[in-house]
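Survey of secondary and tertiary structure
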Amino acid sequence: MSYQAHPTVYEAVLEALIKGTQPPYSFKNGAFATSITKDTPVLNALATLITSPHLSTFEKDIVKAVREQFLAHPNQDAPFFVRPIEAFIASPLTHALGELVGVFRDDATERGVEELDPFKDKEKEFDGTSSSAKTEKKSGNDDEMGGAFL
């Protein structure tokens, strides 16, 4: 995926799905590597996960929450990262997507995949500093999403 400035809502959701289902995360041992790609429409990718026998009810509920918040978003072509930052953090879609990233991470950890952050290369602060620079500035209070999008 490549975009000019910040990704749109659509691009951010699709990228999270691709990064979680493709190597190195390879959600559910790569079960979705061919069915969820950069060419898969977001709603189709979410439906693939929801109808899969590989996901638990808990995991499906998280994917359903992402779908619900994605569909409820007023403009999927709008930039995903919004100001003020508090509005971005409080967004139900941001929260749901963070939960899904957590599912991808937990699955990878259970399979012994080294802890990774697939979003790190895309993270930027609004002032242009990287998330790693932000992490170094933090006072130790991590958010629930583990910095996946911030």
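Worth saying up front: this structure is predicted, and the values here are computed from it rather than measured. (Residues numbered from 1 in each chain as written. Predicted model: local features only at pLDDT ≥ 70, side-chain atom pairs only at ≥ 80, totals over all residues. Heavy atoms only, no water.)

**Quick word on the packing of helix α1 (residues 9–21) against helix α6 (residues 92–110)**
The contact between α1 and α6 brings their axes to 9 Å, and the two run at 10°. Relative to α6, the element α1 is oriented roughly parallel. Counted together, V9, A12, V13, A16, L17, G20 and T21 of α1 and L93, L97, L100 and F104 of α6 form the full contact between these two elements. For the contact of α1 with α6, the residue count by class is nine nonpolar, two polar and no charged. (Axes fitted to C-alpha atoms, helices over the stretch in contact; angles between N-to-C directions. Helix = DSSP H or I, 4+ residues; strand = E, 2+ residues; numbered from the N terminus. Parallel < 35°, antiparallel > 145°, perpendicular 65-115°, else oblique. Contact = heavy atoms within 4.5 Å. Nonpolar A, V, L, I, M, F, W, Y, C, P; charged D, E, K, R; others polar.)

**A few points about the confidence of the model for the protein chain**
Chain-level statistics for the protein chain give a pLDDT mean of 77 and a share of 67% at 70 or above. Here helix α7 (residues 131–137) stands out as the element of the protein chain with the lowest mean pLDDT, 37, in contrast to helix α3 (residues 42–50), whose mean of 97 is the highest. Confidence drops under a pLDDT of 50 for residues 122–150, and excluding neighbours within four residues, the segment shows 44 contacts in the predicted structure. (pLDDT = per-residue confidence, 0-100.)

**Details of the nonpolar core**
Among the nonpolar cores identified, the biggest contains 30 residues, and V13, L17, L49 and L100 are the most heavily contacted of them. The set of elements that each furnish at least two residues to this core consists of α1, α3, α4 (57–72) and α6. When neighbours within four sequence positions are excluded, L49 is seen to be in contact with L17, F27, F32, I36, L55, K60 and V63. (Core = buried A, V, L, I, M, F, W, Y, C linked by side-chain atoms within 4.5 Å. Buried < 20%, exposed > 50% of the residue type's maximum accessible area, 1.4 Å probe, protein only.)

**Re the packing of α4 against α6**
Relative to each other, α4 and α6 sit at 150°, their axes nearing to 9 Å. In terms of orientation, α4 and α6 fall into the roughly antiparallel class. In this structure, α4 meets α6 at a crossing whose hand is left-handed. For the pair α4 and α6, the contacting residues are E59, I62, V63, A65, V66, Q69 and F70 in the first and P92, L93, A96, L97, E99, L100 and V103 in the second. Tallied by class, the residues present in the contact of α4 with α6 amount to eleven nonpolar, one polar and two charged. (Left-handed = near helix turned anticlockwise from the far one by under 90°.)

**Remarks on α6**
Taking 1.5 Å per residue as the helical rise, α6 with its 19 residues ought to reach 27 Å, and the 27 Å between its terminal C-alpha atoms agrees with that figure. Every buried residue of α6 is accounted for by L93, T94, A96, L97, G98, L100, V101, V103, F104, R105, D107 and A108. With a side-chain oxygen lying 3.2 Å from the backbone nitrogen of L93, the N-terminal cap of α6 falls on S91. Of the residues trailing α6, G112 is marked for its positive phi of about 85°. (Expected span 1.5 Å × (residues − 1). Polar contact = N/O pair within 3.5 Å; in protein donor to acceptor, adjacent residues only side chain to side chain.)

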